[in-house]
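Observations on chain architecture
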Number of protein chains: 4
Amino acid sequence: MNKGRVESFSDGVFAFAITLLVVTIAQPGNYRHLAHDLGTQWPSLAAYVVSFAIIGIMWLNHHSVFGHFARVDRGLVFLNLLLLMTIAFLPYPTGVLGEALARGAGQRTAAVFYGATMTANAVAWAALWLYASARRRLLAESFPEAERRVATLAFTGGTVVYAASMALALLNAYAFLGVQAALAAYYALAPRYRRAGRGHASGAEGEKPPDEKAG
Amino acid sequence: MNKGRVESFSDGVFAFAITLLVVTIAQPGNYRHLAHDLGTQWPSLAAYVVSFAIIGIMWLNHHSVFGHFARVDRGLVFLNLLLLMTIAFLPYPTGVLGEALARGAGQRTAAVFYGATMTANAVAWAALWLYASARRRLLAESFPEAERRVATLAFTGGTVVYAASMALALLNAYAFLGVQAALAAYYALAPRYRRAGRGHASGAEGEKPPDEKAG
Amino acid sequence: MNKGRVESFSDGVFAFAITLLVVTIAQPGNYRHLAHDLGTQWPSLAAYVVSFAIIGIMWLNHHSVFGHFARVDRGLVFLNLLLLMTIAFLPYPTGVLGEALARGAGQRTAAVFYGATMTANAVAWAALWLYASARRRLLAESFPEAERRVATLAFTGGTVVYAASMALALLNAYAFLGVQAALAAYYALAPRYRRAGRGHASGAEGEKPPDEKAG
Amino acid sequence: MNKGRVESFSDGVFAFAITLLVVTIAQPGNYRHLAHDLGTQWPSLAAYVVSFAIIGIMWLNHHSVFGHFARVDRGLVFLNLLLLMTIAFLPYPTGVLGEALARGAGQRTAAVFYGATMTANAVAWAALWLYASARRRLLAESFPEAERRVATLAFTGGTVVYAASMALALLNAYAFLGVQAALAAYYALAPRYRRAGRGHASGAEGEKPPDEKAG
């Protein structure tokens, strides 16, 4: 199994899932009072924006993570399919959450459902990382051992954080959505991924590493 | 016709079909009792997961099979389009089966319909293989003659197995779905494909063949 | 504008349009009599199969035609976008035709609408070819002048044939659908495209031309 | 982050969004008077054509703009995701505008909503350009300094023009749609982009620049 092909199939699923999100926004029902109708749908737009950001940032980090792999094997491909399933599924809870918030009914259930999907996603990320990094099975030689342990902690911790976000969902669905956006921003800005994106130059952060293009 | 382009078009169809599966899950109708409503839809989720696994594993094996072809010709491209049609169609019977199971009506008809689609898919696989392998028309020279006969038996047998699964569909739709999952797992784990994925090294199974990247 | 990118964007639209066709098949309404309900929807399946074949074969011939171009320019890119629009639009008349035939109402209107879409498609093909081939603007040097005239006749004639098919649509929608399938088969099997697919070797048909991989 | 991958992910989103537009056209409700029913839906077709042209031309200009970048960094990738979000969202206001015009209700609201989406898109374009071009952060050395200032004016001005188009939306939704088409045509034909597409040869317009293939 060629690594480039797995990445390019994954890119396809990411790009399609992110574009398909738009069909989760319910069509307006009342065109006579369209402004009001669209106004009540702002939670669907908010859920759309959050999910779009989540998938976009995950696509970016997928590249960073795969950039550390020297090769892929059949086990990794299956775990990657599991990961892609949680991403391709996201439009469904996004639509349900947006609609529940817009209707003002079932919000907490919808938020828990969204949180469960994100937790499954975090578990798939952790499983993929643990499989690839255990005994450095698929890691590139240039990937520093110290960073491996930090990343393992972070991926494992991610599953706990997303599971915990479901508790918040039971309290307030809007706060839950805000936390999902904040978590996405964290993964967008986390130094680990920024470093990763620059080809895991461990020492001088400001310098341009020679293998940047491969990152 | 360039082989890389056929593969990359096929990858696109696989990636879109697998992502499009999510639209087959019916939106909840009752947001006041959303937890109950989502609960009754678990068969749709189960059908989604099984179809996702089927398309994902088929994508993987499509690569393995095309990895054995030295070139493609126009006949193969048409048979490949036929194969892609059965895959791109799968979201429809998936949605029907999930909905039938969730409603508790029409389950066996829906399962037979799903089984008929999978049988058509198995026939397309067999036709593609027989066309490409007969008199080694498109096979790479490195592909061992002994394996060719085994593969021909397996592809032909697949059509019988999937046709037989329709009989089970008449008895119990849930058992049918379980068998579909089991068949997908078989194709994921079958030694033939694992070997194939490693570049058809016939002798030393444990060794890393030199042409792995092309597999 | 890089030719490879135009082709790869076009491939994406072809692959996505062909996969999106499945959403044109209406979900069954009556799960208590699902077998009967699915039975009445066979015209939707027939329309699906015909449109799938049309887009698949058009994708194949798009490659052949672009294989004759030495380069692309901005004018060609716009005409290609026009062509892609008629292809990306096809799921809509496909759904309308299938539904009209299944309901037994509006069949002829639906068939004319489908025919109008195919005529627009044929006009786009002709415009693209005339633009690219007039004074051999974008043609590869190896493309024979004699074939250029034949192709111009064929593309121009195609617009007339598809326009004429709309007259048949007024008589019988099923016959119309059959003719669309026959036209697709013609474009699949036409010697011009088979030659084209082999890298426009004009002389020895049986020989394998040296530039086959680029075809 | 590899520039080629960002472009190819973007191409995927462009290709899917442009193809997904077709699902925004409402299915006919009355098959007994299908010709009349399809006739009343012509505004949906018009909105479809305009949005298709907008996304297609934007895809083309996305290539031109990225052709001027020597590299991409994480900041640009985020701004590009923001840009892609406004494009992937376009099918929603397209569907709403077409439906509002077809029903003759809510047209102005729908047009303002469409205009707001296009304004957000123009802002994303301007932000992306300003980020990449300020102090020539990511610009290729060959990109002329004089053109940089012109482009900055044009991108900034674009946000004003699209915001102003919302005022027209309040007067007449059809005129608004016509202006959107005209703006798309302007961006298709603007000399800046035509030059850009030829690899920013600033001097001899008629000559074929040596780096055309990279454009």
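Our focus in this paragraph is the overall build of chain A. If you tally the helices and strands in chain A, you get nine helices and zero strands. The helix and strand sequence of chain A, counted from the amino end, reads α-α-α-α-α-α-α-α-α. Out of the 215 residues in chain A, the part that is buried amounts to 59%. Counting contacts in chain A only where the partners sit at least 6 residues apart, residues at least 24 apart contribute 72% of the total.

Residues and elements named next belong to chain D. Counting through the fold element by element, Ser10 comes out in helix H1 (residues 3-20). Among the polar contacts made by the side chain of Ser10, one reaches the side chain of Asn80 at a distance of 2.9 Å. Residues in contact with Ser10, not counting those within four places in the same chain, are His62, Asn80 and Leu84.

Tracing the sequence through the fold places Arg74 of chain A in helix H4 (residues 74-89). Among buried Asp, Glu, Lys and Arg side chains, Arg74 of chain A stands out as unpaired, with Asp73 of chain A the closest opposite charge at 9.1 Å. Of the polar contacts made by the side chain of Arg74 of chain A, one reaches the backbone oxygen of Ala188 of chain B; its length is 3.2 Å.

Residues and elements named next belong to chain D. Tracing the backbone shows Asp37 in helix H2 (residues 34-40). With 58 residues separating them in the primary sequence, Asp37 and Gly95 have C-alpha atoms 17 Å apart. Apart from residues lying up to four places away in sequence, Asp37 is in contact with Pro28, Gly29 and Asn30.

Here helix H3 (residues 42-67) of chain B contains 26 residues, and its C-alpha end-to-end distance of 38 Å stays within 8% of the 38 Å for a straight helix at 1.5 Å per residue. Taken across its 26 residues, H3 of chain B has 20 buried, putting it largely inside the fold.

Okay, helix H6 (residues 107-133) of chain C next. Over its 27 residues, H6 of chain C extends 38 Å from the first C-alpha to the last, a length consistent with the 39 Å expected when each residue adds 1.5 Å. A positive phi of about 50 degrees marks Arg135 of chain C, the residue just after H6 of chain C.

This brings us to the packing of aromatic side chains. Evaluation of the coordinates by the stated rule reveals 66 aromatic pairs over all chains. Ring centres 5.8 Å apart and planes at 65 degrees place the aromatic pair Trp129 of chain C and Phe143 of chain C in the edge-to-face group. In this pair, Trp129 of chain C is assigned in helix H6 and Phe143 of chain C in the loop between H6 and helix H7 (145-171), connecting sequence segments 14 residues apart. In this structure an aromatic cluster arises from ring pairing among Phe66, Phe69, Trp125, Trp129, Phe143 and Phe155 of chain A. Over the face of the ring belonging to Tyr131 of chain B we find Arg137 of chain B, whose NZ or CZ atom lies 4.0 Å from the ring centre.

Bringing the interface of chain A and chain B into the picture now. When the parts of a complex come together, some accessible area is lost, and that lost area is often taken as the interface size. Between chain A and chain B, the residue contacts involve 32 residues of the former and 41 residues of the latter. For the pairing of chain A and chain B, the buried interface totals around 3,100 Å² over both sides, and the portion due to carbon and sulfur atoms is 72%. Contact with chain B buries surface across chain A, with Arg5, Arg74 and Tyr92 of chain A losing the most and accounting together for 24% of the total. At the boundary of chain A with chain B, the tally comes to two salt bridges.

For the structure shown, the criterion picks out 23 salt bridges over all chains. With its nearest N and O atoms 4.0 Å apart, the salt bridge here joins Asp11 of chain D to Arg5 of chain C. Here Asp11 of chain D, found in helix H1, pairs with Arg5 of chain C, found in helix H1 (residues 3-20), and the two come from separate chains. Since its relative accessible area comes to 7%, Asp11 of chain D is described here as buried. Taking the shortest distance from any N to any O, the salt bridge between Glu99 of chain D and Arg103 of chain D comes out at 2.9 Å. Here Glu99 of chain D and its partner Arg103 of chain D are both found in helix H5 (residues 91-103), four residues apart, which amounts to about one turn of the helix. The buried category is assigned to Glu99 of chain D, whose relative accessible area is 16%. What emerges from the salt-bridge pattern is a single network uniting Arg136, Glu145, Arg148 and Arg149 of chain A.

Let us now look at the relation of the copies chain A and chain B. The operation relating the two chain copies consists of a rotation about an axis and a shift along that axis. Structural alignment of chain A on chain B gives an RMSD of 0.0 Å, achieved by rotating through 90 degrees and translating 0.0 Å along the axis. Read as a symmetry element, the transformation amounts to a four-fold axis. The share of interface residues of chain A whose copies in chain B are also at the interface is only 9%, consistent with the copies meeting through different surfaces.

Turning next to unusual backbone geometry. One non-glycine residue, Arg136 of chain C, lies in the positive phi region at around 50 degrees. Summarising the element assignment, Arg136 of chain C is placed in the loop between H6 and H7.

Among the surface-exposed residues, Val23 of chain A, Val23 of chain B, Val23 of chain C together with Val23 of chain D lie close enough to one another that they form a single nonpolar patch of about 270 Å² accessible area. The class for Val23 of chain D is partly exposed, based on a relative accessible area of 40%.

We now examine the packing of helix H6 (residues 107-133) of chain B against helix H8 (residues 173-189) of chain B. Residue and element names in this part refer to chain B. Close contact between H6 and H8 brings their axes to 9 Å; oriented N to C, the two are set at 25 degrees. When the axis of H6 is compared with that of H8, the two are roughly parallel. Where H6 crosses over H8, the two elements pack in a sense that is left-handed. Residues Gln107, Ala111, Tyr114, Gly115 and Met118 of H6 form the contact with H8, whose participating residues are Ala173, Phe176 and Gln180. Taken together, the residues that form the contact of H6 with H8 break down as five nonpolar, three polar and no charged.

The next point concerns the environment of Ala132 of chain C. Residues and elements named next belong to chain C. The residue Ala132 is located in helix H6 in this model. Exposure remark for Ala132: the relative accessible area of 0% places this residue in the buried category. In the structure, Ala132 is positioned 124 residues away from Ser8 in sequence and 19 Å away in space, judged by C-alpha atoms. Excluding its chain neighbours within four sequence positions, the residues that come into contact with Ala132 are Phe69, Leu76, Arg137, Leu138 and Leu139.

A low pLDDT score tells you not to read the predicted coordinates there in detail. Residue and element names in this part refer to chain A. Here chain A averages 88 in pLDDT, and 88% of its residues register 70 or above. Across chain A, the element-wise mean pLDDT spans from 56 in helix H9 (residues 191-197) up to 97 in helix H6 (residues 107-133). Confidence drops under a pLDDT of 50 for residues 196-215, and excluding neighbours within four residues, the segment shows 26 contacts in the predicted structure. Predicted as a complex, the structure gets a pTM of 0.90 and an ipTM equal to 0.88.

Turning our attention to the environment of Gly157 of chain C. By the secondary structure assignment, Gly157 of chain C is in helix H7. Take Gly157 of chain C: its relative accessible area is 25%, and that puts it in the partly exposed class.

Conventions and cut-offs
- Chains are numbered independently. Their residues run from 1 in the order of the written sequence.
- In the order they appear in the text, chains get letters beginning with A and ligands get numbers beginning with 1.
- Predicted model: local features are reported for residues with pLDDT of at least 70 only, side-chain atom pairs are reported and counted for 80 or more only, and whole-chain, interface and lining totals are derived from all residues.
- The side-chain figures draw on all heavy atoms in the structure; neither hydrogens nor water molecules are used.
- Put simply, DSSP marks the helices as runs of H or I at least four residues long and the strands as runs of E at least two long, and each gets a number from the N terminus on.
- Think of it in three bands: with a 1.4 Å probe and only protein chains considered, a residue is buried below 20% of the maximum accessible area for its type, exposed above 50%, and partly exposed in between.
- Any two residues having at least one pair of non-hydrogen atoms within 4.5 Å are treated as being in contact.
- For the purposes of these results, a polar contact is taken to be a pair of N or O atoms within 3.5 Å, where, inside protein, one atom must be able to donate a hydrogen and its partner to accept one; residues adjacent in sequence count only when each atom of the pair is a side-chain atom.
- We score Asp and Glu as negative and Lys and Arg as positive, and we do not count His or the chain ends.
- Counted as salt bridges are all cases of a side-chain nitrogen of Lys or Arg within 4 Å of a carboxyl oxygen of Asp or Glu.
- To estimate how far a helix should extend, the number of its residues minus one is multiplied by 1.5 Å.
- In this scheme Phe, Tyr and Trp rings, the latter by its six-membered ring, pair at centre separations within 6.5 Å, and the angle between planes marks the pair as stacked below 30 degrees, edge-to-face above 60, and tilted otherwise.
- Only when the NZ atom of a Lys or the CZ atom of an Arg is both within 6 Å of the ring centre and within 35 degrees of the ring normal do we say a charge sits over the ring.
- By buried area we mean how much accessible surface two parts lose on assembly, using a 1.4 Å probe and totalling the loss over both.
- Least-squares fitting of one copy onto the other uses the C-alpha atoms of those residues that reach a pLDDT of at least 70 in both copies.
- Each patch is built from salt-bridge-free residues with over 30% relative accessible area, joining like charges within 9 Å and nonpolar side chains (Val, Leu, Ile, Met, Phe, Trp, Tyr) within 5 Å.
- Residue burial considers only the protein chains on display, and all accessible areas are found by Shrake-Rupley using a 1.4 Å probe.
- Between the N-to-C directions of two axes lies an angle of 0 to 180 degrees, each axis being a line fitted to C-alpha atoms and, for a helix, fitted only over the stretch in contact.
- An angle below 35 degrees is treated as roughly parallel, one above 145 as roughly antiparallel, one from 65 to 115 as roughly perpendicular, and anything else as oblique.
- The crossing is said to be left-handed when, going from far helix to near helix, the turn is anticlockwise and less than a right angle, and right-handed when the turn is clockwise.
- Polar here means any residue other than Ala, Val, Leu, Ile, Met, Phe, Trp, Tyr, Cys and Pro, which are nonpolar, and Asp, Glu, Lys and Arg, which are charged; Gly is therefore polar.
- The pLDDT score gives, residue by residue, the confidence of the prediction method on a 0 to 100 scale.

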